[in-house]
Amino acid sequence: MTMTRFFGSDSEPKGSHYIGSKVWDAVGQGISRRDLLKALPVMAALTACRRALPYRPGDFARPARSTVAILDAPNYSVDLGDVISRGLRELAFDVSGRSVLLKPNLIEYEPGRLINTNPLVAAGAATAFLHAGATEVIIAEGPGHRRDMEYLLAATGFADQLKDLRVRFVDLNHDDVRPVALRSHFTGIDEILLPVELMKADVIVSLPKLKTHHWAAMTASMKNFFGVVPGAVYGWPKNFLHFHGIDNSIVDLVATIRPHFTIVDAVTAMEGDGPIMGRPRQTGFLAMGQDLVAVDATCARLIGFEPTKIQYLSWAGDFLGNIDEKHIDHRGENLARYQTRFDVLPNFKELQIAGGA
Amino acid sequence: MFSEAPRVPHLFDALQESANPAGGWGYEIHKASRLEPTCWALVAAGRASPNADLAPHRTFLEKCVRPGGYLVEDPRWPINVGFNALVAFTWLNQRGATTDERISSLLAWLTATKGVQAPQAPSYRQDNSLQGWAWLDATFSWVEPTAWGTLALQKGLRAGFIKEASAGARIDEAQRLLIDRCCRDGGWNFGNANVMGQDLFPHVPTTAIALLALQGRPEEPAVVRSLAYLESHWSDEPSPLALGLSLICLRTYGRTTRAIEARLRAAEDARAEHAGSGSGRRQAENLHALAVAVTALTLDDNDQVFRI
């Protein structure tokens, strides 16, 4: 089970995940270990109560079945706009007359490292959505590490792609914000400030890179939404979310934002010590779908993880989307063609599907 | 004197024109006024045009003052500690912009605000017992808010607003934290230098701000190697924000900055040329970076704005 962690600590609080951060707050404020141990039964009782009600089931309608498309994309030189257009048709996803916000994973830049969603995937998605009748396409991101967006756009090649497209870029770290009530409460937070441009879009599309993640095990469509939390309010690296539990925050953000679609850049993914310091791993596909939970669960299986063992996916599978293969229909390529087993950090080996190499 | 240069009045005009009518600056044109761009714009305007009427913009900051002495744009928002340190730094550089009482209250709040202390973690090469400043209270210390907190308290101490007995230990611990978090080959990432055995790489803007906070320790090996890093790597991040902060830092340290200044002027020329079209328009609207650039291009060799 993954636990609340934050940059700076690798210790793990015991007990409920979503009150774990409160335990650390208590420790940080000088409460003794003895006091803490005395409080644990109370916390456990509180945990039991809160576990029963982190969301109102009536607010969510998990689809009976979900469809995930896996499309061949052996490298970034292929016509990705065409590949994505085929996926949109295959999934019958209609954006005509609506504005589309694409949220890539654009967190950091280091020469030679493939950390971010490839700009060609973003350009291909923008082209495909415009071709499909979107009134406007916006690319928007609020990097969790770098706050110098002009540098990041130029260094990653996004600026060059943006020049040639009818799309504008929105820096979500520095946008105007407005309070939004959270629709689930795994973090225990009732409200969060989110960028206005995000909330204005008719269609929100996650556009992540598939990577291992040294706190969350895997980052794809869902974890990508850490990037919409405005740094100019909450700081960098969005430590506020770490303190409330990474898994908790992922689920609350996705439950609240309710993104409409995802396109996962798994042309070249990242394994090992992701999401920054890992190694590139050629995987050769794009994963697409309207159910982000189902897409991420499918990606998890393809790289050797058992999705029910990834905490945020397991929780999300209870009410946001499908993680059970029996409820997921596949389109496009045969999954077996891409099945592999990523190298993961030792603490995540227990999350891998049994029987692999 | 860079303030005589022909581009600066043009940039200053652009900054003035992009202010919100009710006072203050947003991060971009037509966005709501925020603490950080307003502070930088006030510093820039004070440098570029000392006779400009800045009263409406100073009033914006005044309106953000809350009963605890800190500032936040909306009382329902979380309090950003790093930007409060920047406000204190701005006020201390523009005496008369607010009352001494407000400066004292803000510095007292800043001195008392510490975030949380994380347990020691074997997979991080850092001393978690050290505390500087977090972005938000009840979170962990990071380089940028720690650097601004250190600068503000040092300025406040020199100006007599706070006492060595209360602020000295905070400044010392914060500086030790910055030294502890310095990357192996110099410079600073946003907070950690090594995670799970992997050395993280430094960022130019964070390095420039951290070095400003460590001016009093020029012999410190972390400062020496970080200055060397910044002098040799500033051009790796040629954005107006990174160039502006590099210029401010290296000029404050008395280093040669002619090449950075030329590069920043070229970047600002490109920004002006692209204004009004495509992605360039967004760049032209980045008021935070514009204000940093104006500040950088108006600093002279004997400037005391960033000097401690």
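These numbers were taken from a predicted model, which means no experiment stands behind them.

Definitions and cut-offs
Residues numbered from 1 in each chain as written. Chains lettered and ligands numbered in written order. Predicted model: local features only at pLDDT ≥ 70, side-chain atom pairs only at ≥ 80, totals over all residues. Domains from an automatic or database assignment. Contact = placed C-beta atoms within 7 Å. Helix = DSSP H or I, 4+ residues; strand = E, 2+ residues; numbered from the N terminus. Nonpolar A, V, L, I, M, F, W, Y, C, P; charged D, E, K, R; others polar. Axes fitted to C-alpha atoms, helices over the stretch in contact; angles between N-to-C directions. Parallel < 35°, antiparallel > 145°, perpendicular 65-115°, else oblique. Left-handed = near helix turned anticlockwise from the far one by under 90°. Expected span 1.5 Å × (residues − 1). Buried ≥ 20, exposed ≤ 12 C-beta atoms within 10 Å, placed from the backbone. Arc of directions from axis to C-beta.

Participant: Talk me through the domain arrangement of chain B; I want residue IDs and the actual numbers.
Facilitator: Residue and element names in this part refer to chain B. You can read the domains of chain B as domain 1 (1-63 + 239-308) and domain 2 (114-237). One C-alpha centre belongs to domain 1, the other to domain 2, and the line joining them spans 24 Å. Taken residue by residue, the interface counts 17 residues in domain 1 and 16 residues in domain 2. Going through the elements one at a time, helix H10 (240-252) and helix H11 (258-274) are the ones with two or more residues in the side of domain 1 that touches domain 2. Split by residue class, the side of domain 1 that touches domain 2 holds 11 nonpolar, 3 polar and 3 charged.

Participant: Describe the packing of helix H8 (residues 204-213) of chain B against H10(B), listing the residues and the values that go with them.
Facilitator: All names here are of chain B. Closest axis-to-axis distance for the H8/H10 pair is 8 Å, and the angle between their directions is 25 degrees. Looking at the two axes, H8 sits roughly parallel to H10. Every pair of crossing elements has a handedness; the one defined by H8 and H10 is left-handed. Contact with H8, carried on its side by Val204, Pro205, Ala208, Ile209, Leu211 and Leu212, involves Leu241, Ala242, Leu245, Ser246, Ile248, Cys249 and Thr252 of H10 and no other residues of that element. Considered class by class, the residues forming the contact of H8 with H10 number 11 nonpolar, 2 polar and no charged.

Participant: So what's going on with the interface of chain A and chain B? Residues and values would help.
Facilitator: Counting from both sides, the interface comprises 36 residues of chain A and, opposite them, 46 residues of chain B. Residue assignment for the side of chain A that touches chain B shows that the elements contributing at least two residues are helix H1 (17-28), helix H5 (149-156), helix H6 (158-163), strand E4 (167-171), helix H8 (231-234) and helix H9 (239-243) of chain A. Here the residues of the side of chain A that touches chain B are counted per class, giving 17 nonpolar, 9 polar and 10 charged.

Participant: Tell me about helix H9 (residues 221-233) of chain B, and please be specific about residues and values.
Facilitator: Residues and elements named next belong to chain B. The end-to-end C-alpha distance of H9 is 18 Å, a good match for the 18 Å that 13 residues give at a rise of 1.5 Å each. Buried residues of H9: Ala222, Val223, Ser226, Leu227, Tyr229 and Leu230, and no others. One side of H9 carries all its buried residues, which in axial view fall inside an arc of 160 degrees. Exposed and facing more than 90 degrees away from the buried side of H9 are Pro221 and Ser232. Here the buried face of H9 lies against helix H7 (164-180), H8 and H10.

Participant: Please give an account of the environment of A:Gly81 that cites residues and values.
Facilitator: All names here are of chain A. Relative to the elements of secondary structure, Gly81 occurs in helix H3 (residues 80-90). Each C-alpha atom, one on Gly81 and one on Val264, is 14 Å from the other, the two residues being 183 residues apart in sequence. Here Gly81 is in contact with Gly124, Thr127 and Ala128, once residues within four sequence places are set aside.

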